[in-house]
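# Architecture at a glance
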Amino acid sequence: MTSVSSGTTGAVREVELAIGGMTCASCANRIERRLNKLDGVTATVNYATEKATVHAPEGVEAERLVAEVEAAGYTAELPRPADHRGHDGAETGQETDDPTGALRQRLAGAIALSVPVIVLAMVPALQFRYWQWISLALAAPVVVWAAWPFHRAAWANLRHGAATMDTLISMGTLAAFGWSLYALLFGTAGTPGMVHPFTLTVAPSDGAGNIYLEVAAGVTTFILAGRYFEARAKRRAGAALRALLELGAKDVAVLRGDTEVRVPVDRLAVGDRFVVRPGEKIATDGVVEDGSSAVDAALLTGESVPVEVRPGDAVVGATVNAGGRLVVRATRVGADTQLAQMARLVERAQTGKAAVQRLADRISGVFVPIVIALAVGTLAFWLGAGAGATAAFTASVAVLIIACPCALGLATPTALLVGTGRGAQLGILIKGPEVLESTRRVDTVVLDKTGTVTSGKMSLVEVHTAEGVTEEEALRLAGAVEHASEHPIAAAIARAASARLGALPPVQEFANSEGLGVRGVVDGHAVLVGRPALLEQWSQPLPEPLAAAARAGEARGTAVAVAWDGRARAVLVVADTVKPTSRAAIAQLRALGLTPVLLTGDNAEVARTVAAEVGIDPGPETVIAEVLPAQKLDVVKRLQDQGKVVAMVGDGVNDAAALAQADLGLAMGTGTDAAIEASDLTLVRGDLRVAADAIRLARRTLATIKGNLFWAFAYNVAALPLAAAGLLNPMLAGAAMALSSVFVVTNSLRLRRFQPLSNGPE
C-alpha cells in the first residue's frame, strides 16, 4: 500500500510493508533502526501487527526497503490490495488459514513427549533399568523438531550479530541435550540401572554421569506455550479493519432509468443513483435526491438521535435508513468513503502505537550476552587452571543450563492464563501480555457517551402535561399515532405507552410531515405529535409552561410536543438514558487515580447533563462534545501530547480509531465488532463498572508477571556463580529449577482469588 504527499522538501511516499520472521519486540526495533539509516526514511515497525509504515522520498524504491529488511534477516513484502469480498459478500484471502496451527501442533507434541521425561527425572522411584534411554528417545523430537523455531531464530540472529532470548533458549536446550547425549554414549550415564538420587549438596562433579534431558524438553515446552498464547493474541491485531469493512452494505439497488438493478456494492460508481429502503444500510456516501427519512448514524457519529434527511442532504455509507424510501446519488465510493477513511484511521493508529516490549526481551538484550560470555570464560578458566577438558566443559555447560529460562518460560504465560481466565469469568477479555503494561501508567480515562455511559437506546424519560390533562391520556393518544411511524423516537414513545397502558387504540388518517412529526385521528381526536414547529404550523403553539419544559427537555434529549383538538396539551421528553451503574463506575475509576473525560458526538448541552448525572466535572477539559470520529482520535492524541496516559472506553465504530490510538483501549462487548477488535480489553457486559475491574485485574496480572520474572531471574543470577565455580550438583540444579517453576505457577494461581469491586445487577 502506498500513498504520495508533497511538501516543500519534495514528494514523500508512505509505503506499508508486511514483515515476517519477527519473534520478539527487539526484532521490530532492529528492522526499524535499519530502515531509518536510509537517507530521508522514517520507519515505524509494529511487532503486534507485523507491519512497517515507512515514509520515504521518491528516490527510494519499495524494492530497496524490502531488500534492507531481508538483509536484516527477515522477510518483507508489499501487502496485496485491501481485502475485497466476492460478490456473495464472502471474504477472500488467507483468513481461512490459521497461522497458529503449526505452533499449536509443536506445542501439543512437546507436551505429550516432555511430561514422561520430566516425571522420570524428578521421581527416582520411577527410574527403571533403561529409563535414561527412553528419556533420550522422547526428548530428541522435542529438542530438534518442537524447538526448531528457536534454533532457526537463533541462527538468523547469529548471522546478523545479534542475541535475543531465542539465542539463550536454543543454546541452553542444545547444550543440555548435547551433554546428556555425551554422558549417555561416552560417560557413565548410560549404564543399565543408573539413577539420579536427590543429594542436595554442592560439590564438584565431572558431569560424565549426569543427564539434563528434562531441562531440554521442559524448557522447550514451557517457552512454546508462551509463544503460542502470544501468537493467538497477535492474530487478532488486524481484525479491526475487517470488522469495519464488514459494516458496509454487500449489494445495492442501482437505478438504471426507472428500473432497479441489484449489483455488488464494489460496482457502484460516482454519480450512480441507488435506492435505500427502510431498514437497509446506505451503500456509500452520497446526497439524497428523492424521499425523506430518519437515518441512524450512531455507529459512525455517536449521535444518539437519528438524523432527519431530505433532498439535498448528505448521507454516509454504512448508516441505516430508519424511516422512508430514499433515492441517493453516490458522491464517494471505495477507498474515498468515510467508512474506508475510518478503517485507515484505525490502521494508522495501530501501526503508530509504540510497541510494548516484553520485560523478558528487554532484559535478555543484556542478560544473554553476559551468560554466553560467562560460559566461554568459565571454559577458558578451568582449561587454564588445568582442571581437565571434561570438568571445564561440564562447568561451562552448567552455566548455560542454569541460565536457561525454565521458570522464565512460565512467568508470563501462567500469569496471563490465570489472569485472563479469571477475567473471562468476570466478563473481562484481555488480549495479550503487551496490553498489561499500559494499565499501570494510565491516569486519564476517556468515556464514549452513547452505549457506554448511557444505554444507547432511546427511552421516554419525562411527561409534562397542561393543566387538566393526565399523563395517561397524553401517552394514549401520542402513543397511538407514533405506533404507526417507523421513526426511532416514535418507537420509544409507542413502546412506553404500550408498557404503561397496554393495547393502544387504532389511528386513522395517519400522515407524516417530513422532518417535523406525524398526525392522525385517534378516538375522534385530531392529534399532532412532533416538533414544536409542527404545532405552530397548525396554529397550536406551546403555552409557556410547556415551552419551558420543552427547552429543559432539549438539554437532556429530544422534546416531542403533543396537541389534540386544536390545543397543545403535553411535552414528552425522549432521551438516551444513563445506565444505572454508570455513576458508581465513575467513582470506582476515580478511586483508581483516573480522571474521567466524557467524549461524544452529541450536542454539548446533552453531554453536560449526562456528565453531571454520573459525577464527571462538566468543564470543557472533561466534557468534549460534538466531535466526529476523526476528532475523537485527535482528542486522544491531544491528551497524550499533554503527557497524559490515556485509556479509552467505547462501543461504536466511531470509537474504533480512538480505541486503537489510546494507550489502553477498552471496548464494551455490547458494542460493535470493530470497536471490540480495535481495543486491548473487552468488557463482555454492558456495565461500565467492569472497566474499573478490568484495570484492577490487568494491573494485578502485570504485577504478578513482574514478580514471576524477578524470581526467575533471581534464581538464575544466584545459581550462575555456583555453576561457574564447578560446584553445581545436577540434582540440586534440577530441584532448584523445579522449585522456581512451582513458585511461579503458585504465584500466578493467586490471581484466581481476584474479586470485583461490585457484582450488583446492571
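Numbering of residues starts from 1 in every chain and runs along the sequence as written. Confidence filtering applies because this is a predicted model: local features only for residues at pLDDT of at least 70, side-chain atom pairs given and counted only at 80 or more, and all residues used for totals across whole chains, interfaces and linings. Remark: hydrogens and water are excluded; side-chain values derive from all non-hydrogen atoms of the structure.

### Regarding the UniProt feature "transmembrane region" (unreviewed entry) in the chain
UniProt positions are given in the numbering used here, feature names are shortened, and annotations may be inferred rather than shown by experiment. UniProt records the feature "transmembrane region" (unreviewed entry) at residues 107–124, 130–148, 168–191, 211–229, 363–385, 391–418, 709–725 and 731–749, using the numbering of this structure. Helix numbering and strand numbering both begin at the N terminus, where a helix is a DSSP run of H or I of at least 4 residues and a strand a DSSP run of E of at least 2. Summarising residues 130–148: 89% helix, 0% strand, and an end-to-end C-alpha distance of 28 Å. Annotated as residues 709–725, this span is 94% helix and 0% strand, and its ends, taken at the C-alpha atoms, are 25 Å apart.

### A few points about helix H3 (residues 101–122)
Given a helix with a known number of residues, its expected span is that number minus one, times 1.5 Å. The end-to-end C-alpha distance of H3, which contains 22 residues, comes to 31 Å, matching closely the 32 Å that a straight helix rising 1.5 Å per residue would cover. Only protein chains enter the calculation, and the probe is 1.4 Å; a residue is then buried if its accessible area is under 20% of its type maximum, exposed if over 50%, and partly exposed in between. Those residues of H3 that fall on the buried side of the exposure criterion are Gly101, Leu103, Arg106, Leu107, Gly109, Ala110, Ser114, Val117, Leu120 and Ala121.

### Considerations on the pattern of salt bridges
When a carboxyl oxygen of Asp or Glu is within 4 Å of a side-chain nitrogen of Lys or Arg, the pair counts as a salt bridge. For the structure on display, the rule yields 17 salt bridges. Salt-bridge contacts for Asp576 lead to Lys449; the nearest nitrogen and oxygen are separated by 3.9 Å. Here Asp576 is found in strand E22 (residues 567–578), whereas its partner Lys449 is found in helix H15 (residues 449–453), with 127 residues between them in sequence. In terms of burial, Asp576 and Lys449 fall into one category: buried. Linking Arg689 and Asp687 is a salt bridge whose minimum nitrogen-to-oxygen distance equals 2.8 Å. We classify Arg689 as buried; its relative accessible area is 8%. Under the relative-accessibility criterion, Asp687 is labelled buried at 1%. Taken together, the salt bridges that share partners define one network made up of Arg34, Arg64 and Glu68.

### Things to note about the sheet that holds strand E19 (residues 517–522)
When DSSP finds two or more bridges between two strands, those strands count as paired. Spatially, six strands are ordered E17-E22-E21-E20-E19-E18 in an open sheet, and the strand pairing comes out antiparallel. Only two strands of the sheet have a single neighbouring strand rather than two, namely strand E17 (454–465) and strand E18 (508–513). Ignoring strand direction, the axes of neighbouring strands in this sheet form an average angle of 20°. When E18 meets E19, the two strands line up antiparallel, connected through four bridges. Looking at E19, one finds that Ala511 is bridged to Arg519. Working rule for contacts: check all heavy atoms of both residues, and any pair within 4.5 Å makes them a contact. All axes here are fitted lines through C-alpha atoms, helices being fitted over the stretch that makes contact, and every angle between N-to-C directions spans 0 to 180 degrees. Sheet strands touched by helix H19 (residues 544–554): E17, strand E21 (558–564) and E22. Its angle to E22, the strand with the most contacts, is close to 15°.

### Topic: the packing of aromatic side chains
Planes of paired rings set the category: under 30 degrees apart is stacked, over 60 is edge-to-face and the rest tilted, where pairs are Phe, Tyr or Trp rings (Trp by its six-membered ring) whose centres lie within 6.5 Å. Inspection of every chain in the model, using the stated rule, returns four aromatic pairs. Between the aromatic rings of Tyr182 and Phe186, the centroid separation amounts to 5.9 Å while the plane-to-plane angle is 40°, which identifies the pairing as tilted. Of this pair, Tyr182 and Phe186 are both found in helix H6 (residues 165–186), four residues apart, which corresponds to roughly one turn of the helix. A relative accessible area of 29% places Tyr182 in the partly exposed class. According to the relative accessible area criterion, Phe186 is exposed, its value standing at 65%. Here the aromatic rings of Phe381 and Trp382 are separated by 5.2 Å at their centres, their planes lie at 75°, and the arrangement is edge-to-face. On the basis of relative accessible area, Trp382 is assigned to the partly exposed category, the value being 22%. Here the aromatic cluster, defined as three or more aromatic residues joined through ring pairs, consists of Trp179, Tyr182 and Phe186.

### A word on helix H17 (residues 488–501)
Counted at 1.5 Å a residue, the expected span for H17 with its 14 residues is 20 Å, and the 20 Å between its end C-alpha atoms agrees. Along H17, the residues classified as buried are Ile489, Ala490, Ala492, Ile493, Ala494 and Ala497. Contacts from the buried residues of H17 go to E17, helix H16 (471–482), E21 and E22. After H17 finishes, the residue Gly502 shows a positive phi value of roughly 85°.

### A look at a nonpolar patch on the surface
Patch building starts from residues that exceed 30% relative accessible area and form no salt bridge, then joins like charges within 9 Å and nonpolar side chains (Val, Leu, Ile, Met, Phe, Trp, Tyr) within 5 Å. The Shrake-Rupley method, run with a 1.4 Å probe sphere, supplies the accessible areas, and residue values consider only the shown protein chains as cover. A contiguous nonpolar surface patch, about 360 Å² in accessible area, is contributed by Ile111, Val115, Val119, Val123 and Leu126. Residue placement: Ile111 occurs in helix H3.

### A word on the pairing of strand E8 (residues 273–276)
Both strand E6 (residues 251–256) and E8 contribute to a ladder of two bridges, which runs antiparallel. Bridge pairing in E8 places Val254 opposite Phe274.

### Concerning the sheet that holds strand E24 (residues 623–624)
In spatial order, the strands read E15-E27-E26-E25-E16-E23-E24; together these seven strands make up an open sheet with mixed pairing. Each edge of the open sheet is held by one strand with a lone partner, namely strand E15 (428–430) and E24. Direction of pairing for strand E23 (residues 595–599) relative to E24: parallel, over a ladder of two bridges. Looking at the pairing, Leu598 lines up with Val623 of E24.

### Description of the packing of H3 against helix H4 (residues 131–146)
Look at H3 against H4: their axes get within 9 Å of each other, and the N-to-C directions meet at 150°. When the interaxial angle is binned, H3 and H4 end up roughly antiparallel. Considering only the axes of H3 and H4, their crossing is left-handed. Only Trp131, Ser135, Leu138, Ala139, Pro141, Val142, Trp145 and Ala146 of H4 make contact with H3, whose side of the interface consists of Gln105, Arg106, Gly109, Ala110, Leu113, Ser114, Pro116, Val117, Leu120 and Ala121. Each residue is assigned to one of three groups, with Ala, Val, Leu, Ile, Met, Phe, Trp, Tyr, Cys and Pro labelled nonpolar, Asp, Glu, Lys and Arg labelled charged, and all others, Gly among them, labelled polar. Among the residues making up the contact of H3 with H4, the classes are represented as 13 nonpolar, four polar and one charged. Any angle between 65 and 115 degrees counts as roughly perpendicular, while under 35 counts as roughly parallel, over 145 as roughly antiparallel, and the rest as oblique. When the near helix sits turned anticlockwise from the far one by under a right angle, the crossing is termed left-handed; a clockwise turn instead gives a right-handed crossing.

### As for the side chain of Gln132
As for its position among the elements, Gln132 is in helix H4. In this structure, Gln132 is in contact with Leu184, Ala189, Gly190, Thr191, Pro192, Met194, Ile211 and Leu213, ignoring residues within four places of it in sequence.

### A few points about the nonpolar core
With 49 residues, the main nonpolar core has Ile211, Leu213, Leu224, Val371 and Val399 as its most contacted residues. Elements represented by at least two residues in this core include exactly H3, H4, H6, helix H7 (213–235), helix H11 (359–384), helix H12 (389–403) and helix H25 (689–724). If near-sequence neighbours (up to four positions away) are discounted, Leu213 is found in contact with Val117, Gln132, Ser135, Leu136, Ala139, Phe177, Ser180 and Leu184. In terms of nonpolar packing, the next biggest core, distinct from the first, is built from 48 residues, Ile586, Ala691, Ala694 and Ile695 among them. Here, the term nonpolar core denotes a set of buried Ala, Val, Leu, Ile, Met, Phe, Trp, Tyr and Cys residues that are joined through side-chain atoms within 4.5 Å.

### Quick look at the environment of Val263
With respect to the helices and strands, Val263 occurs in strand E7 (residues 259–264). According to the relative accessible area criterion, Val263 is buried, its value standing at 11%. Linking Val263 and Ala253, residues 10 residues apart in sequence, is a C-alpha distance of 6.5 Å. Dropping the residues within four chain positions of it, Val263 is found in contact with Asp251, Val252 and Val254.

### Some thoughts on the pairing of E19
Burial runs high along E19: five of the six residues are buried. The turn linking E18 back onto E19 is made up of three residues, and Gly515 within it adopts a positive phi angle of 75°. Here E19 pairs with strand E20 (residues 525–530) via six bridges, running antiparallel. Bridging across to E20, Gly517 finds its partner in Gly530.

### Comments concerning the confidence of the model for the chain
Looking at the chain as a whole, its pLDDT mean stands at 79, while 79% of the residues score no less than 70. Note on residues 4–9: pLDDT is under 50 here. Beyond four places in sequence and across chains, it has eight contacts. Confidence scores per residue from the predictor, reported as pLDDT, run from 0 to 100. Every residue in residues 81–96 is under pLDDT 50, and counting partners more than four places away or in other chains gives 23 contacts.

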